[in-house]
Each structure stands twice: as structure tokens, then as C-alpha cells.
Amino acid sequence: MLKIWGRISSINVRKVVWAVQELGVPFERIDTGGKFGGTHTPEFLARNPNAMVPAIEDGEGAFRVSLFESNVIVRYLCARYSPGVLYPAALAQRFDAERWMDWQQTTLNPAGRDAFIQLIRMSPEQRDAQKIAASIAAMEPLLQLLDRHLATHAYLQGDHFGMADIPAACDVHRWWNLPAADYQRPHYPHVERWFAALLTRPATRGVLDITLE
């Protein structure tokens, strides 16, 4: 059985859990990281020397795969269990998906991280207002970019749901669930339409409907 090490409060673990649920692959998730600890044990460091979640193990024998890095794991899972569907067969489509996944990891996620940490994981007296403001200022142009793209695309990869939607939607879920008293979200109609469509997918249960912590 596929094993996932990581706590569901982690955005990167949520990506992997959603992907596995989309694929209908039986899995076991072991709470690791954060308040659960366990990322600095010799056993975990053998899976991920960065001491970060998630990490997975899949298959057995000659085909035993051990991976870390959430977007890589999503790509692997879709390539193995949904080739030609969630993982595009055509190179142009595949790398269109790849670029959006890289954009999420290198651009969208860093922009929103500080506001999330300050507003969700810090007590009010610990918060840094300048970091929150800078994070909002960095994030809003990216959501505008995403909104423009989705004005002419049903999903990130085109007309059909695919692997690229998973990481970006996990970031949008995190951003849109910041406390309303601290962040008044602008209206992004095309992102809202896209995200609402994703919420109808059964595989998002336990991923896009949970409280941030």
C-alpha cells in the first residue's frame, strides 16, 4: 500500500492526499511533522534528508519508489496511475501543466506564505503587520494573473481537470481561508468559478474543506 508521511495541516501534504484520492489508490497516511514530530529520526531522514513532509513510499521489490517534494510526488502519482489523463501524454500539454506546477511552487506559494504564517500560526500580539501587508501585495497580482488565464480556460491545463490544478488550488484554499477580519479578498470571478468547480470533486474532501492550522 502507498504510504504518505505528513500531517494534513501541511499544504504540501494536502496536495498529495488530494492526488491519491483522485486516483483512487489505497493509501495510509502517517501523521508526521509539526506537533507530531518524527522528521529527524534516522528512518524518516532516509526517506527525506531535508527533514520535511511529505514523503511517500510506493510499490515493492524492483519497483519500490521513495520520493519527497510534493509537486514531484503529484507528478509521479499521476504519471503512474493516470497516464494520458491527469498526466498528459502530449509533450506540449504535459509541459504546460509542468510550468503551472512550478509557478505554484516558486512564485505563488512564497508570495502568500508570510500572511498565512502571521495570521494563522502566530498569536495577534506576535504578528508582523509589515510582513502581512507585503505578502498581500505580492499575492494579489498573482491572483489577477491566474484570473486572466482562467477567463479563457476551464482549468489550468485547458478544458479538463489535470495535475496542475491540484497545487494551485491548495494555495488558493489556504489564501481564501485567511481570517476575513484581517484580509478582505478582492473579487476574482474566474478563479472563483474554477475553485467552486473543484470543490464539487469528491476527492477534495478532507483537503479543500478543512480548517487551516
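Now for a quick tour of the structure. Position numbers for residues count from 1 along each chain, tracking the sequence in the order it is written. Predicted model: local features are reported for residues with pLDDT of at least 70 only, side-chain atom pairs are reported and counted for 80 or more only, and whole-chain, interface and lining totals are derived from all residues. With hydrogens and water stripped out, all remaining heavy atoms of the structure feed into the side-chain values.

1. A look at the side chain of Ser135
Runs of E in the DSSP output that reach at least two residues are strands. Runs of H or I that reach at least four are helices, and both are numbered from the N terminus. One can find Ser135 in helix 5 (residues 129-150). The residues touching Ser135, leaving out its near neighbours within four places in the chain, are Ala111, Gly112, Arg113, Asp114, Ala115 and Trp175. Contacts are residue-level and defined by heavy atoms, with any inter-residue pair within 4.5 Å sufficient.

2. Focus on the packing of helix 3 (residues 70-81) against helix 4 (residues 91-120)
When two helices pack together, their arrangement is given by the angle between their axes and by how far apart the axes lie. Helix axes use the C-alpha atoms of the stretch in contact, all axes being lines fitted to C-alpha atoms, and the angles between their N-to-C directions lie in the range 0 to 180 degrees. Remark: helix 3 packs on helix 4, axes separated minimally by 10 Å, with the N-to-C direction vectors making an angle of 155 degrees. Considering their axes alone, helix 3 and helix 4 lie roughly antiparallel with respect to each other. Relative to helix 4, the crossing made by helix 3 is right-handed. Contact residues: helix 3 offers Ser70, Asn71, Val74 and Arg75, while helix 4 offers Glu98, Met101, Asp102, Gln104 and Gln105. In terms of residue class, the contact of helix 3 with helix 4 is made up of two nonpolar, four polar and three charged. For classification purposes, an angle smaller than 35 degrees is called roughly parallel, one larger than 145 roughly antiparallel, one from 65 to 115 roughly perpendicular, and anything else oblique. Should the near helix be turned counterclockwise from the far one by less than a right angle, the crossing is left-handed, whereas a clockwise turn marks it as right-handed. As a working rule, the residues Ala, Val, Leu, Ile, Met, Phe, Trp, Tyr, Cys and Pro are called nonpolar, Asp, Glu, Lys and Arg charged, and the rest polar, with Gly in that last group.

3. Observations concerning helix 1 (residues 11-23)
Taking 1.5 Å per residue as the helical rise, helix 1 with its 13 residues ought to reach 18 Å, and the 19 Å between its terminal C-alpha atoms agrees with that figure. Among the 13 residues in helix 1, eleven count as buried, and that is most of the element. Burial in helix 1 covers these residues: Ile11, Val13, Arg14, Lys15, Val16, Val17, Trp18, Ala19, Val20, Glu22 and Leu23. Where helix 1 terminates, the next one or two residues include Gly24, which has phi positive at roughly 70 degrees. Helices are assigned an expected span. That span is 1.5 Å times one less than the residue count. To sort residues, take the accessible area from a 1.4 Å probe on protein chains only and compare it with the maximum for the residue type: under 20% means buried, over 50% means exposed, and anything in between is partly exposed.

4. Looking at the packing of aromatic side chains
Two aromatic rings, drawn from Phe, Tyr or Trp (for Trp, its six-membered ring), form a pair once their centres lie within 6.5 Å of each other, and the interplanar angle then sorts them: stacked below 30 degrees, edge-to-face above 60, tilted otherwise. Counted according to the given criterion, the structure contains four aromatic pairs. On the basis of an interplanar angle of 75 degrees and a centroid distance of 5.6 Å, the ring pair of Trp176 and Phe195 is categorised as edge-to-face. Placement of Trp176 in helix 6 (residues 165-176) and of Phe195 in helix 7 (residues 189-199) is noted, with a sequence separation of 19 residues between them. Exposure remark for Trp176: the relative accessible area of 15% places this residue in the buried category. Members of the aromatic cluster, joined through ring pairs, are Trp18, Tyr155 and Phe161. The ring of Trp5 has Arg47 sitting right over it, with the charged end atom 3.8 Å from the ring centre. Only Lys NZ and Arg CZ are tested; either one counts as a charge over a ring when it is within 6 Å of the ring centre and within 35 degrees of the ring normal.

5. A closer look at the environment of Thr204
The topology assignment puts Thr204 in the segment after helix 7. The spatial distance from the C-alpha of Thr204 to the C-alpha of Tyr188 is 21 Å, given a sequence separation of 16 residues. Not counting the four nearest positions on each side in its chain, Thr204 is found in contact with Trp18, Leu198, Leu199 and Asp209.

6. Re the nonpolar core
We call a set of buried residues a nonpolar core when its members are Ala, Val, Leu, Ile, Met, Phe, Trp, Tyr or Cys and they connect through side-chain atoms within 4.5 Å of each other. Ranked by internal contacts, the top residues of the largest apolar core, which has 64 residues, are Trp18, Leu77, Leu146, Trp175 and Trp194. In terms of residue count, the dominant contributor to this core is helix 4 (nine residues). Contacts of Trp194, omitting those with residues within four sequence positions, involve Leu146, Leu150, Ala154, Tyr155, Leu156, Asp165, Ala168, Ala169 and Val172.

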